[in-house]
Amino acid sequence: MKLKIFIGLALVSIFWTSCSKKPTVTTSQSDNQTAQPTTGLPFQPTLVEPPETKEIYAIKRQADALIASKDFDKLDTVAEDFRTSQACYAHGVWKLSYFYEGLNFPAGGSTDSEWTNHFAILRNWVETKPDSITARVAFANGLIEYAWQARSHDFADKVTDEGWKLFFQRLNQAVIVLNGAKNLKEKCPYWWAAMLRAELGLQTERSKYDATFNTAIQTWPNCTPFYFLRSNFLLPRWYGSDGELQKDLEQSANKIGGEAGDMIYAQVIWNLNGMVSSKNLFEEYNFSWERANKGLEAIKKSYPNSLAVKNESAHLAAIANDLKTAKKYFDQTGGQIDISCWASTNQFVDCAQFVYESVQ
């Protein structure tokens, strides 16, 4: 099974370089790119693999190995440990999320015959462990990924009639699986995440989607990915109106309150920065850089050793045209590049050089 890091369970597409007034667009991400020669920087940019990244790969490899060996008891035990601990990373994604990702192919990442064999294992898990919420959620997630494989990630008018038919058919199958697990004694926050993903694709009425989201955050108030999924739903390209995303995020952050609310605010913007093709998130969606920056500082307090938050802080500060603050955050990276926050090593270098040239 191909392993790849995604931020949450959202759809990650094109990355854009967004360093203030220096518009350079990068449309592909590579972990193997070599940084270009640098001048005027107080450090030598170096691509590194942070401990968080290594751990994420390890979690996904473990899930992949366990599902391949049909070790259903161990799968349930590991998932329950992640669920109970609610452990997550600086960007807000739970370790449990990566475990679920490791149980399925990414959309478009496998053949129909491979999916057929994979679903046979998932059905076996459900039949062997009928009370396992993890098995049902994994099955539903697989159907959702398989649905997107049929649809493709192309524009709607480019999707074939057969693609749409299979897309809706598989999403409806996912909802049936989820509804069949609704009354299980064991609960999982990613049951709600899967339902939100399915309802997005099924073009569910807004009132029903809102009800699903509100119940999800009441049941699992600390599950940050719910807010990622809602922000995706409220993008104008989906079902949100202009300005609604910012107002809704501010309302959610205010409801949580304090540093925790500021962290959610920053983490949603962080997630969007890796997902949408925007040259300037703060201008396009009217987000508050001041509040996002407060959230980033709060995240640093909770994750002082995270290289990712230092990189993302530098990136977002540059996007917001707060170049003095961006310089401070680039200083904190020491030139170490966490590629999960950039489209390429050269994007980091271009952005850093622009910042240091602009702030004397």
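Worth saying up front: this structure is predicted, and the values here are computed from it rather than measured.

Thresholds applied
- Residues numbered from 1 in each chain as written.
- Predicted model: local features only at pLDDT ≥ 70, side-chain atom pairs only at ≥ 80, totals over all residues.
- Heavy atoms only, no water.
- Helix = DSSP H or I, 4+ residues; strand = E, 2+ residues; numbered from the N terminus.
- Buried < 20%, exposed > 50% of the residue type's maximum accessible area, 1.4 Å probe, protein only.
- Contact = heavy atoms within 4.5 Å.
- Disulfide = S-S within 2.5 Å.
- Expected span 1.5 Å × (residues − 1).
- Arc of directions from axis to C-beta.
- Axes fitted to C-alpha atoms, helices over the stretch in contact; angles between N-to-C directions.
- Parallel < 35°, antiparallel > 145°, perpendicular 65-115°, else oblique.
- Nonpolar A, V, L, I, M, F, W, Y, C, P; charged D, E, K, R; others polar.
- Core = buried A, V, L, I, M, F, W, Y, C linked by side-chain atoms within 4.5 Å.

Student: I'm lost on the environment of C223 in this one. Help?
Tutor: Relative to the helices and strands, C223 is located in the loop between α8 (206-219) and α9 (225-233). A relative accessible area of 0% means that C223 is categorised as buried. Each C-alpha atom, one on C223 and one on P189, is 7.1 Å from the other, the two residues being 34 residues apart in sequence. Apart from residues no more than four positions distant in its own chain, C223 is found in contact with W94, P189 and Y190.

Student: In this structure, what is going on with the state of the cysteines? I would like to understand it.
Tutor: Put plainly, a disulfide is one covalent bond tying together the sulfur atoms of two cysteines. Scanning the model with the defined rule gives 0 disulfides in all. No disulfide involves C88; its nearest neighbouring cysteine sulfur is the one of C223, lying 9.2 Å away. In this structure C188 is not part of a disulfide, and its nearest cysteine sulfur, from C223, lies 8.3 Å away.

Student: Can you help me understand the environment of L249 in this one?
Tutor: With respect to the helices and strands, the residue L249 is situated in helix α10 (residues 244-256). Separated by 18 residues in sequence, L249 and S231 have C-alpha atoms that sit 7.5 Å apart.

Student: For this particular structure, what's the right way to read helix α16 (residues 345-358)?
Tutor: Each α-helix winds once per 3.6 residues, and so residues spaced three or four apart point in a common direction. Counted at 1.5 Å a residue, the expected span for α16 with its 14 residues is 20 Å, and the 20 Å between its end C-alpha atoms agrees. Burial analysis of α16 places 11 of its 14 residues in the buried class, the great majority of the element. When α16 is considered as a whole, its buried residues turn out to be T345, Q347, F348, V349, D350, C351, A352, Q353, F354, V355 and Y356. If you follow the buried residues of α16, they end up packed against β1 (46-47), α14 (307-319), α15 (323-333) and β2 (336-337).

Student: What is the right way to look at unusual backbone geometry in this model?
Tutor: Residues apart from glycine generally show negative phi values, whereas peptide bonds are mostly found in trans. Phi at K70 is positive, roughly 60°, even though this residue is not glycine. Along the chain, K70 falls in the loop between α1 (51-68) and α2 (72-85). Located in the positive-phi region is Q203, a residue other than glycine, with phi close to 60°. Tracing the backbone shows Q203 in the loop between α7 (189-201) and α8. Taking relative accessible area as the criterion, Q203 reaches 48% and is therefore assigned partly exposed.

Student: Sorry if this is basic, but what is going on with helix α6 (residues 161-180) here?
Tutor: Helix length check: α6, at 20 residues, gives a terminal C-alpha distance of 29 Å against a target of 28 Å (1.5 Å per residue), a fit within 8%. Inspection of α6 places G163, F167, R170, L171, A174, V175, V177 and L178 among the buried residues, and these make up the whole buried set. Buried residues of α6, viewed axially, fall in a sector of 160°; they line one side. Residues of α6 that are exposed and angled more than 90 degrees away from the buried face: D161, K165 and I176. Turning to α6, the residues buried within the fold contact α5 (133-151) and α7.

Student: Any chance you could explain the packing of α2 against α5 here in plain terms?
Tutor: When two helices pack together, their arrangement is captured by the angle between the axes and the distance separating the axes. Running from N to C, α2 and α5 cross one another at 90°; their axes reach a closest spacing of 9 Å. The orientation of α2 relative to α5 falls into the category roughly perpendicular. Touching D76, A79 and R83 of α2 are I133, T134 and A135, all from α5. Taken together, the residues of the contact of α2 with α5 break down into 3 nonpolar, 1 polar and 2 charged.

Student: So what exactly am I meant to see when it comes to the nonpolar core here?
Tutor: Grouped burial of nonpolar side chains is what soluble globular proteins tend to show. Of all hydrophobic cores here, the largest spans 114 residues; its most connected members are F99, F226 and F287. The greatest single-element share of this core, amounting to 11 residues, is contributed by α5. Among all residues touching F99, those that are not within four sequence positions of it are I59, Q62, A63, L66, L75, V78, A79 and F82.

Student: Is there a simple way to explain the packing of α5 against α6 in this structure?
Tutor: Two elements in contact, α5 and α6, have axes separated by 8 Å at closest approach and are oriented at 170°. One element, α5, and the other, α6, form an angle in the roughly antiparallel class. Side by side, α5 and α6 meet where R136, F139, A140, L143, I144, Y146, A147, W148, A150 and R151 of the first sit next to G163, W164, L166, F167, R170, L171, Q173, A174, V177, L178 and G180 of the second. Looking at side-chain class alone, the contact of α5 with α6 contains 15 nonpolar, 3 polar and 3 charged residues.

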